[in-house]
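Here's the letter readout for the chains.
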Amino acid sequence: MNSKFPVPSVGASAPTFFNERPAPLYPGSSQNHRSPGIIHLRSIATPRHFVLGLFLLGCLSLLNIETRAAEPRKKQTLKKLELQDIFASPKFSQRGVSGLRSMTDGEHYTAVSKGHIIRYAYASGKPVDTLFRAGQLIDPVSGDTLEFDDYNFCSREQRLLLSTETEPIYRYSSREINYVVDLRSGRINHLSLGDKQAFAQFAPDGDKIAFMRDNNLFITDLSTYTEIQITTDGRVNEIINGGTDWVYEEEFGFTRAFFWSPDSRRLLYYRFDEREVPEFVMPLFNGLYPEPYHFKYPKAGEKNAVVELHTYELGSGTRQKLDVGSEVDQYIARAGWTTDPNRCWFQRVNRHQNRVELVMADPRSTATQVVHTDSAQTWVDILDDLTFLKNGREFIWSSEKSGFQQLYLHQIDGREIRVLSQPHRDVTDFYGVDESTNQIYYSLADPTPMERRLFVQSLDGSAARPLPGPERGKTRAFFSSTFRYYIRQHTDINSPAVWSLHHSDGREIRVLEDNQTLRNQWAQYRMVPRSFFSFTGPSGDSLNGFMIRPPDFNARKKYPVLMFVYGGPGSQTVDASLGQYYMWFQYLAQEGYIVVSVDGRGTGYRGADFKKCTYLQLGKYELEDQKGTARYLQGLPYVDPGRIGIFGWSFGGYMSSLAAVQGDGLFKAAVAVAPVINWRYYDSIYTERFMRTPQENARGYDDNSPSTYADRLKSAYLLIHGTADDNVHFQNALVMTQKLTEANKPFDFMAYADKNHGIGGGNTRLHLFTTITRFLRENL
């Protein structure tokens, strides 16, 4: 379950409706441009003829000036936001740097503009040449001119891999038709003439590409375009080679499950045996008769796939199975190679996910050795910060063992050398190591948990220093391959992103995109700034929130409030970015609502204790803090205490459903989109990480389930779900409606046929938010 909201891995062929992605929400803001009350002075007419002579002309001129000074100033007429513009138009979309890739020399990067792949110089930010032009991709068999969806270079950048006809499967996975372009000769070839491929990746030497098709692993030799099949036992809903299953994709966040050795001579790959995993069946309603869609989905407490690691040596064709341990009920959350082609590694995680072991393996002997263990009383998060230094003697590991996410330098045998990052702040992004200067780059939740600052620090552990840039707001960085330059993305609570190019010491080279067009667009509407606030919650913790007030706010009036909640472990809705629903929130403010969001206990970037205090009882403390927020708002003189509503999606829908049935009458209306209704119905990895299994913690599951308290519904309740939600199943909504019906409780319900967890595609998002908005007008 994603920290925002999950959308919809590679066990079964996915139907067409899974190809939909959530429509862009086009966030916007009003900061950093002029006040909407722009003054326009009337122009002065010039006489066409001097019929009355110079004296009369002077008198008329004086009269004209006096008249002009006496006229009232005319304000600009501002437009009214419409849902159509927000959800069915790109009018409020942000611009960024599309298709950004750092080139091997570290002096150039590429980006896509109007279908062209253009090379830019980091030193100036200006284009150097066009490496591949729109219209240049021609199918060598059919002769058709094609458009590419994505691109990647080989390491020597002499070949280009272009994907077309991309067919998304679940949240991250896709399959496509791939073409290989030889940039020296201009020759274009199919990667494979078989069915669509998935996860295609160049070998480090650039002469081979591995990919998955039909749950089997293949390699194409680019010197001859000979295709070698590595595995043969792949079967839908049975065996997956080289890709992940549904739950690994969704909860561990990766799909490609094969890895080239540094010398291009071996592949390390996953094998999933999901034959014992329970099968979930969803009906699809796109034909005369509903068609069942089958896929493997392990719910909390049920059997997971058995995962193995194998190596394949290209020269001999030898396949070997690595020793991942005798316990099959475990996870292999990450795997890869060190800088040594004779040493691979994997992260082994117990089913409770409170112990992570870093294991080294020799692909020649399959022998393994545990070199480091990270453990906690609650759970250990799986991140992608593990970095092996080129010297082959050290690695960097990230851990919350101090109470905050920090970076640690270790010897290759696992012994800790020193802590690297700053204390009492969570590392939010680790960008890597510049080994030429022995410096690391990372971002911290600093100076507040809602913000991010970019830091540089020596590997010797000396004090970190922030790189020059805005002290407030949220900064991300995209470094060149040599760490000499970086592209910075900066946002704040009310502004769209500004993309700028910098030297590694922070000196700005140029602004690449400032989204001024969007800012000019906002200036035509009655936008209002969003502001941060904080208050003391029920536990005594200070809770952070944001608030948007109506454009003509009057502190002597009473306003209804809509609270927006997500609240899942480690998540954050209150930060220095525009967020998902900014323009819709602006629309609601325009309609006279105050919009508020508060990050309660369990959310992220405030240390491990704050995040993990909800362990084994998801929903309990989170709801207490949302109720505490409602009570705080009731005490404000400009809030109508009887008109507070709450809205959430996925985990947020779970929270708004809990608020509807256990909210002590504080919430007049509640909107739940795609909610979990009982954690028994959700997947094993996510749920058990925070709750353990239902067999171990039955009360934790049921005591915080909305369906348990359906007979206590006090709010006007709108429940929305997609019937083809492969993530949070439609089953959740049906269970809730059944419980509400048994209790004779009135509620509103909207089902979107054949829509997944994102409930998007075509006109769907507009209809969805029109439905929600109408419900709020009628009930709040």
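Right above here is the structure, for reference.
The notes below deal with the structure included here. Values in this document were obtained by computation on a predicted structure and should not be read as measured data.

A tally of helices and strands in the chain yields 12 helices and 45 strands. Since a compact globule built from 780 residues should have a radius of gyration of about 28 Å, the 29 Å found for the chain is in line with a globular shape. In terms of its C-alpha atoms, the chain occupies a principal-axis envelope of roughly 105 × 70 × 65 Å. Across the 780 residues in the chain, those meeting the buried criterion constitute 56%. Here the chain has roughly 32300 Å² of accessible surface; of this, 48% comes from carbon and sulfur atoms. Distance between charge centres in the chain, computed from 88 positive and 89 negative side chains, equals 7 Å.

Proline 447 follows aspartate 446 through a cis peptide bond whose omega is 5°. Mapped onto the secondary structure, proline 447 falls in the loop between strand 31 (439–444) and strand 32 (453–458). Unusually for a residue other than glycine, aspartate 214 sits at a positive phi of about 55°. When you line up the elements, aspartate 214 lands in the loop between strand 12 (208–213) and strand 13 (216–221). Positive phi, normally seen in glycine, also occurs at threonine 366, with a value near 70°. Overall, the relative accessible area of 18% leaves threonine 366 in the buried class.

Right, let's talk about the packing of helix 5 (residues 582–590) against helix 12 (residues 764–779) for a bit. Pairs of packed helices are described in terms of their axes, by the angle between the two and the distance that separates them. Closest axis-to-axis distance for the helix 5/helix 12 pair is 12 Å, and the angle between their directions is 30°. With respect to their mutual orientation, helix 5 and helix 12 come out roughly parallel. The way helix 5 lies across helix 12 gives a crossing that is right-handed. From helix 5, Trp584, Tyr587 and Leu588 reach across to helix 12, where they touch Phe769, Ile772, Thr773, Leu776 and Arg777. Classifying every residue of the contact of helix 5 with helix 12 gives six nonpolar, one polar and one charged.

Going through the model one piece at a time under the given rule, you end up with 60 aromatic pairs. Ring geometry for tyrosine 442 against phenylalanine 455: centres 6.2 Å apart, planes inclined by 15°, an arrangement best described as stacked. Of this pair, tyrosine 442 sits in strand 31 while phenylalanine 455 sits in strand 32; the two residues are 13 residues apart in sequence, bridging distant segments of the chain. In this pair, the class of tyrosine 442 matches that of phenylalanine 455, namely buried. Ring centres 5.2 Å apart and planes at 85° place the aromatic pair phenylalanine 564 and tyrosine 581 in the edge-to-face group. Taken together, the residues phenylalanine 564 in strand 40 (residues 559–564) and tyrosine 581 in the loop between strand 40 and helix 5 connect sequence positions 17 residues apart. Taken individually, phenylalanine 564 and tyrosine 581 each receive the classification buried, so the pair is uniform in this respect.

Among the secondary structure elements, serine 316 is positioned in the loop between strand 20 (306–313) and strand 21 (319–321). A sequence separation of 51 residues divides serine 316 from arginine 265, and the C-alpha atoms of the two residues are 9.8 Å apart. Engagement of the side chain of serine 316 in a polar contact is seen with the side chain of glutamate 313, the distance being 2.7 Å.

What follows deals with helix 11 (residues 730–742). With 13 residues, helix 11 ought to run about 18 Å at 1.5 Å a step, and its terminal C-alpha atoms sit 19 Å apart, in line with that. Of all the residues in helix 11, the buried ones are Phe730, Asn732, Ala733, Val735, Met736, Thr737 and Leu740. Immediately downstream of helix 11, the backbone of asparagine 744 shows phi near 55°, a positive value.

For the rest of this paragraph, the subject is the packing of helix 7 (residues 620–634) against helix 8 (residues 651–662). Interaxial distance between helix 7 and helix 8 falls to 10 Å at its minimum, and their mutual angle equals 65°. Classified by the interaxial angle, the pair formed by helix 7 and helix 8 is roughly perpendicular. Here the hand of the crossing between helix 7 and helix 8 comes out right-handed. Taking contact as the criterion, the partners of Glu622, Leu623, Gln626 and Lys627 in helix 7 are, on helix 8, Phe651, Met655, Leu658, Ala659 and Gln662. When grouped by side-chain class, the residues that make up the contact of helix 7 with helix 8 number five nonpolar, two polar and two charged.

Quick look at the pattern of salt bridges now. The final tally for this structure, using the stated rule, is 44 salt bridges. Measuring nitrogen to oxygen at the nearest pair gives 3.2 Å for the salt bridge that ties arginine 95 to glutamate 513. Here arginine 95, found in the loop between helix 2 (83–87) and strand 3 (101–102), pairs with glutamate 513, found in strand 37 (residues 508–513); they are 418 residues apart in sequence, far enough to count as distant. Overall, the relative accessible area of 55% leaves arginine 95 in the exposed class. Judged by relative accessible area, which is 13%, glutamate 513 ranks as buried. Between arginine 453 and aspartate 446 there is a salt bridge, with the nearest N and O atoms lying 3.6 Å from each other. When sorted by exposure, arginine 453 lands in the same class as aspartate 446, which is buried. In the salt-bridge network here, residues are joined through shared partners; they are Asp233, Arg271, Glu308 and Lys321.

Reading the values: rules and limits
Residues numbered from 1 in each chain as written. Predicted model: local features only at pLDDT ≥ 70, side-chain atom pairs only at ≥ 80, totals over all residues. Heavy atoms only, no water. Helix = DSSP H or I, 4+ residues; strand = E, 2+ residues; numbered from the N terminus. Rg over C-alpha atoms; globule rule 2.2 N^0.38 Å. Buried < 20%, exposed > 50% of the residue type's maximum accessible area, 1.4 Å probe, protein only. Areas by Shrake-Rupley, 256 points an atom, 1.4 Å probe, with all protein chains shown as cover. Lys, Arg positive; Asp, Glu negative; His and termini not counted. Charge placed at Lys NZ, Arg CZ, Asp CG, Glu CD. Axes fitted to C-alpha atoms, helices over the stretch in contact; angles between N-to-C directions. Parallel < 35°, antiparallel > 145°, perpendicular 65-115°, else oblique. Left-handed = near helix turned anticlockwise from the far one by under 90°. Contact = heavy atoms within 4.5 Å. Nonpolar A, V, L, I, M, F, W, Y, C, P; charged D, E, K, R; others polar. Phe/Tyr/Trp six-rings, centres within 6.5 Å; stacked < 30°, edge-to-face > 60°. Polar contact = N/O pair within 3.5 Å; in protein donor to acceptor, adjacent residues only side chain to side chain. Expected span 1.5 Å × (residues − 1). Salt bridge = Lys/Arg side-chain N within 4 Å of Asp/Glu carboxyl O.

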